[in-house]
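Summary of the model geometry
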Amino acid sequence: MREPIIAIDGPSGAGKSTLSKLLAAEFGYLNLDTGAMYRTVALAATRQGVATDDGAALARLCAEISITFQRDGGGERVLLDGADVTTAIRTPQISQLTAVVAACPEVRAAMTAQQRKIAAAGGVVLEGRDIGTAVFPDAEVKFFLSASAAERGRRRYNELRDKGVAVDLAQTVREIEERDAADSARTHAPLVQAADAMVIDSSFLDIDAVLQVMVSEVERWRAHCDTAAPSS
Ligand code: DC
């Protein structure tokens with residue numbers, strides 16, 4: 001039986017990473033964090049002094065570097081040319097640069113090609129912004145995970161505060177709104193909801209409740225696929 005390609009798209013802070021990992025673990029599927037791929041390109045560009053507005057140079061960079069993932073207990077490490085960059089790609093500076101790099105059509109083309117290659121066989125959960133619309137418009141199961149900016153800001157605020165970072169709640173919500181606007185307004189592969197995606201608003205749902213909805217949807221698809229498949 002073919003296992004599905006599952007797309008989880010949505011704005012930052014909606015819980016995509018957590019849910020994507022849990023859903024993949026539930027079915028023994030691969031989990032692909034496509035945001036980490038864009039972040040790694042931004043880091044490589046910084047390290048090699050490539051200007052983030054030079055499309056041709058960024059295309060060469062994407063062709064030269066190797067981005068891989070390694071399972072590490074319950075977590076996952078991101079490797080750039082074999083070296084661990086898991087923490088280095090999460091700094092605020094790299095987050096900002098990533099938004100610029102991710103708007104470059106050459107970078108999007110290179111990452112999309114890699115994502116298609118990795119996930120073509122199915123049994124993969126991909127999380128990002130454009131999976132159900134641009135990377136895999138024919139993905140078998142699509143989710144669009146959202147939550148109000150106020151709620152996503154509150155979650156981000158708690159996360160940073162727990163890490164000991166001094167933050168302001170109103171400022172955090174403002175930053176979320178600014179990133180949403182930038183992600184939605186860009187010309188290439190903006191954040192839009194696929195018409196056939198199941199929309200889940202997690203503003204008033206905890207992780208477990210959202211996971212249950214997703215698991216049921218995947219099980220429904222698998223059961224349907226089983227009955228539809230010709231018997232051998
Ligand atoms: O999900 P994240 O915060 O790690 O994403 C980092 C950046 O990459 C963010 O600016 C959105 C962008 N991104 C994208 O343009 N397309 C994707 N498929 C995934 C992320």
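Procedures and definitions
Residues numbered from 1 in each chain as written. Predicted model: local features only at pLDDT ≥ 70, side-chain atom pairs only at ≥ 80, totals over all residues. Heavy atoms only, no water. Helix = DSSP H or I, 4+ residues; strand = E, 2+ residues; numbered from the N terminus. Contact = heavy atoms within 4.5 Å. Areas by Shrake-Rupley, 256 points an atom, 1.4 Å probe, with all protein chains shown as cover. Lys, Arg positive; Asp, Glu negative; His and termini not counted. Charge placed at Lys NZ, Arg CZ, Asp CG, Glu CD. Core = buried A, V, L, I, M, F, W, Y, C linked by side-chain atoms within 4.5 Å. Buried < 20%, exposed > 50% of the residue type's maximum accessible area, 1.4 Å probe, protein only. Salt bridge = Lys/Arg side-chain N within 4 Å of Asp/Glu carboxyl O. Pairing = 2+ DSSP bridges. Axes fitted to C-alpha atoms, helices over the stretch in contact; angles between N-to-C directions.

Let us now look at the overall build of the chain. Each helix and strand in the chain was counted, giving 9 helices and 8 strands. In terms of overall dimensions, the chain has a C-alpha envelope of 55 × 40 × 35 Å along the principal axes. A fraction of 74% describes how many contacts in the chain between residues 6 or more apart in sequence connect residues 24 or more apart. Carbon and sulfur atoms make up 53% of the accessible area of the chain, which totals about 11,600 Å². Distance between charge centroids for the chain: 2 Å, based on 25 positive and 32 negative side chains.

By size, the foremost hydrophobic cluster in this structure holds 36 residues, and its most contacted members are V41, L61, V107, M111, L126 and F136. For this core, the elements supplying multiple residues, two or more each, are β1 (5-9), α2 (34-48), α3 (55-64), β4 (75-80), α4 (92-101), α5 (105-119), β6 (124-128) and α6 (131-135). With 8 residues, α2 is the largest single contributor of residues to this core. Apart from residues lying up to four places away in sequence, L126 is in contact with I5, I6, A7, I8, L32, T34, Q115, A119, I131 and F136.

To continue, consider the pattern of salt bridges. Considering all chains together, one arrives at 13 salt bridges under this definition. A salt bridge links D162 to R161; its shortest N-O distance comes to 3.9 Å. Linked through salt bridges whose partners overlap, the residues forming this network are D72, R77 and D84.

Attention shifts here to the sheet that holds strand β2 (residues 30-33). The parallel open sheet is built from 5 strands, whose spatial order is β2-β6-β1-β7-β8. Sheet topology places β2 and β8 (198-201) at the edges, where each strand pairs with a single neighbour. Neighbour to neighbour, the strand axes of the sheet diverge by 20 degrees on average, direction disregarded. Relative to β6, β1 runs parallel, the two sharing 5 bridges. Within β6, the residue paired with A7 across the bridge is L126. Seen against the sheet, α2 touches β2 and β6 and runs at an angle of roughly 45 degrees to β2. On the sheet, helix α9 (residues 207-228) packs against β1, β7 (141-146) and β8 and is oriented at approximately 165 degrees with respect to β7.

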